[in-house]
Amino acid sequence: MPLLHPPTLDSFQAAGQGQCLQGQDVLQSFDRLLDQSQGQGPDNPLTWQARFEHVANPAYGNPRCLHLTVRVSVPQVCQRCLCPVDLAVAIDRSFRLVETEELASEQDAASTEDVLASSPAFDLAALIEDEVLMALPMVPRHEVCQVALPASVADADFAADDPARPHPFAGLSRLKA
Ligand SMILES: [Zn+2]
């Protein structure tokens, strides 16, 4: 797979031509993702594919679509054990491209599909960043923490709302003390 940053391109034209672009980049090429990881994992690979196409859909005339696939691991801090956790993000989404922002907001509300405004300067990298940021959990955690937790905390995992469970940031105040 070629090393390639997602380009800015004419998305309507790309769909008309049925362009399929793909590449591999690294986390640090995406400022907002690197912010999110607090500078960790700058060299983590981010693989992406953007398949633009025409789809026959009588409801919308001759719609143009984008199928976006992204794979990346974003380092976060586990809010249970406060150790680093690599969160694997897998995006697989389709969007219908329309000519203008007005049409996009109008049709997005009325449709179960995801609608995106097309642009002669369509920023694929920004879309990929948006999608990855939205896919990250609000509270990053290991599926199973590697550090030994006190038994009471381990038990609390079975009842996430257990009031006895320590606040996720409790460890931070201990560190500051
Ligand atoms: Zn953990």
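Above this text is the structure in question.
Residues numbered from 1 in each chain as written. Predicted model: local features only at pLDDT ≥ 70, side-chain atom pairs only at ≥ 80, totals over all residues. Heavy atoms only, no water.

Q: How should helix α4 (residues 124-135) be read in this particular structure?
A: Along an α-helix, residues three or four apart share an orientation, since each turn contains 3.6 residues. An ideal rise of 1.5 Å per residue puts 16 Å on 12 residues; α4 measures up with 17 Å between its terminal C-alpha atoms. Of the surrounding secondary structure, the elements contacted by the buried residues of α4 are α2 (31-36), β3 (45-54), β4 (64-77), β5 (84-98), β6 (114-117) and β7 (122-123). The residue sitting at the N-terminus of α4 and contributing the capping side-chain oxygen is D123; that oxygen lies 3.3 Å from the backbone nitrogen of A125. (Helix = DSSP H or I, 4+ residues; strand = E, 2+ residues; numbered from the N terminus. Expected span 1.5 Å × (residues − 1). Contact = heavy atoms within 4.5 Å. Polar contact = N/O pair within 3.5 Å; in protein donor to acceptor, adjacent residues only side chain to side chain.)

Q: Just to check I follow, could you spell out the packing of aromatic side chains for this structure?
A: The geometry of an aromatic ring pair is captured by the separation of the ring centres together with the interplanar angle, meaning the angle of the planes. Under the counting rule described, the total for this entry stands at 1 aromatic pair. Taking the centre distance of 6.4 Å and the plane angle of 80° together, the rings of F52 and F122 count as edge-to-face. Here F52 is found in strand β3, whereas its partner F122 is found in strand β7, with 70 residues between them in sequence. With relative accessibility at 6%, the residue F122 sits in the buried group. Sitting above the plane of the F12 ring, R64 keeps its charged end 4.3 Å from the centroid. (Phe/Tyr/Trp six-rings, centres within 6.5 Å; stacked < 30°, edge-to-face > 60°. Buried < 20%, exposed > 50% of the residue type's maximum accessible area, 1.4 Å probe, protein only. Lys NZ or Arg CZ within 6 Å of the ring centre and 35° of its normal.)

Q: What am I meant to see in the sheet that holds strand β2 (residues 20-26) here?
A: Strand-to-strand pairing in sheets goes through backbone hydrogen bonds, with the strands running parallel or antiparallel. If you walk across this open sheet you meet the 5 strands as β2-β3-β4-β5-β6, and the pairing is mixed. Whereas interior strands pair on both sides, the edge strands pair on one side only; in this sheet they are β2 and β6. Between one strand axis and the next, the sheet turns through 30° on average, direction left out of account. Pairing of β4 with β5 involves 14 bridges; the strand directions are antiparallel. (Pairing = 2+ DSSP bridges. Axes fitted to C-alpha atoms, helices over the stretch in contact; angles between N-to-C directions.)

Q: Explain the pattern of salt bridges here, please?
A: Once their charged atoms are close, side chains differing in charge can pair, the charge on each being opposite to the other. Inspection of every chain in the model, using the stated rule, returns 6 salt bridges. Here R51 and E53 are joined by a salt bridge, their closest N and O atoms 3.1 Å apart. Given the relative accessible area of 34%, R51 is considered partly exposed. The class for E53 is partly exposed, based on a relative accessible area of 22%. Among the charged side chains, a network of salt bridges with common partners joins R32, E129 and D130. (Salt bridge = Lys/Arg side-chain N within 4 Å of Asp/Glu carboxyl O.)

Q: Quick question: what am I supposed to make of the side chain of H142 here?
A: You can see H142 is positioned in the loop between α4 and α5 (151-156). Given a relative accessible area of 15%, H142 falls into the buried group. At 3.0 Å, the side chain of H142 forms a polar contact with the backbone oxygen of P84. Other than its neighbours up to four places away in sequence, H142 contacts C78, R80, C81, C83, P84 and V85.

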